Structure formats: structure tokens, C-alpha cells
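Chain by chain, the residues run as shown.
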Amino acid sequence: MPAARPRRDPRPAPDSANDVIRWAAFSCVLVPVVLLWYGTSLAGATGTALGLAAVTAACRVLLRRSERCAERCAAQRGGRHTREQTPVD
């Protein structure tokens, strides 16, 4: 039986909320540019950009609020896992 390999430093948890916000901000720029490219009016593309920015801002607020709530709930329960630890790999 091979010996167990020592574990490296644990990887940091991916910050998926930041990734979502980055992609949303990118789309707030890309979508109006594409609309202009295909002949949509400047007013229409600007309205679309403002709408996407509003939705992105609302989603960011909700994601951050959800993260804070999850952290608070985990702290109250004494961590994420209340039962035995299970291996990830």
C-alpha cells in the first residue's frame, strides 16, 4: 500500500461571487457594443447598458448579503460541517 502523500497548503476557496460580478460587468460593456455593431440605435444600446448595470448591481448586493448570512450561520453552528469530516480528494 503506498504511503499517504503529505497534503500541500490548502487551496483557497474560489470566490465565485467575484467571478459572477466580473462576467456581469464584462457583459455590461460587451452587449451594448455588439448591439451597436449590429445597427441598434445609441439610445437603445445605452438603455440596455443601464439595465444590465442595474441588474448587475442588484445581483451583487444579493450575493454579498447571502455570503454574509452564510458566514453568520456557519459561525453560529460552529463551522460548516457539524458531523464527521469527509475527505475531499
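Quick summary incoming for the structure in this document. Note that the coordinates shown come from a computational prediction; the quantities given were computed from them, not determined experimentally.

**Some thoughts on the overall build of the protein chain**
(1) Moving on: Across its full length, the protein chain holds 2 helices and 0 strands.
(2) Moving on: Taken over 89 residues, the protein chain has a buried fraction of 9%.
(3) Moving on: Per element, the accessible surface of the protein chain, about 8200 Å² overall, is 61% carbon and sulfur.

**Here we look at the packing of helix H1 (residues 16–37) against helix H2 (residues 42–77)**
(1) Moving on: Packing of H1 against H2 leaves a shortest axis separation of 9 Å and a crossing angle of 175°. When the axes of H1 and H2 are compared, the pair comes out roughly antiparallel. Only Leu42, Ala45, Thr48, Ala49, Leu52, Ala53, Thr56, Arg60, Leu63, Arg64 and Glu67 of H2 make contact with H1, whose side of the interface consists of Ala17, Asn18, Val20, Ile21, Ala24, Ala25, Ser27, Cys28, Val31, Pro32, Leu35 and Leu36.
(2) Moving on: Of the residues that constitute the contact of H1 with H2, the class distribution is 16 nonpolar, 4 polar and 3 charged.

**A look at the packing of aromatic side chains**
Where two aromatic rings form a pair, the distance of their centres and the angle of their planes describe that pair.
(1) Moving on: A complete count under the given rule lists 1 aromatic pair for this structure.
(2) Moving on: On the basis of an interplanar angle of 85° and a centroid distance of 5.7 Å, the ring pair of tryptophan 23 and phenylalanine 26 is categorised as edge-to-face. Here phenylalanine 26 and tryptophan 23 lie together in helix H1, a separation of 3 residues that amounts to about one turn.
(3) Moving on: Take phenylalanine 26: its relative accessible area is 45%, and that puts it in the partly exposed class.

The rules behind these values
- Residues numbered from 1 in each chain as written.
- Predicted model: local features only at pLDDT ≥ 70, side-chain atom pairs only at ≥ 80, totals over all residues.
- Heavy atoms only, no water.
- Helix = DSSP H or I, 4+ residues; strand = E, 2+ residues; numbered from the N terminus.
- Buried < 20%, exposed > 50% of the residue type's maximum accessible area, 1.4 Å probe, protein only.
- Areas by Shrake-Rupley, 256 points an atom, 1.4 Å probe, with all protein chains shown as cover.
- Axes fitted to C-alpha atoms, helices over the stretch in contact; angles between N-to-C directions.
- Parallel < 35°, antiparallel > 145°, perpendicular 65-115°, else oblique.
- Contact = heavy atoms within 4.5 Å.
- Nonpolar A, V, L, I, M, F, W, Y, C, P; charged D, E, K, R; others polar.
- Phe/Tyr/Trp six-rings, centres within 6.5 Å; stacked < 30°, edge-to-face > 60°.

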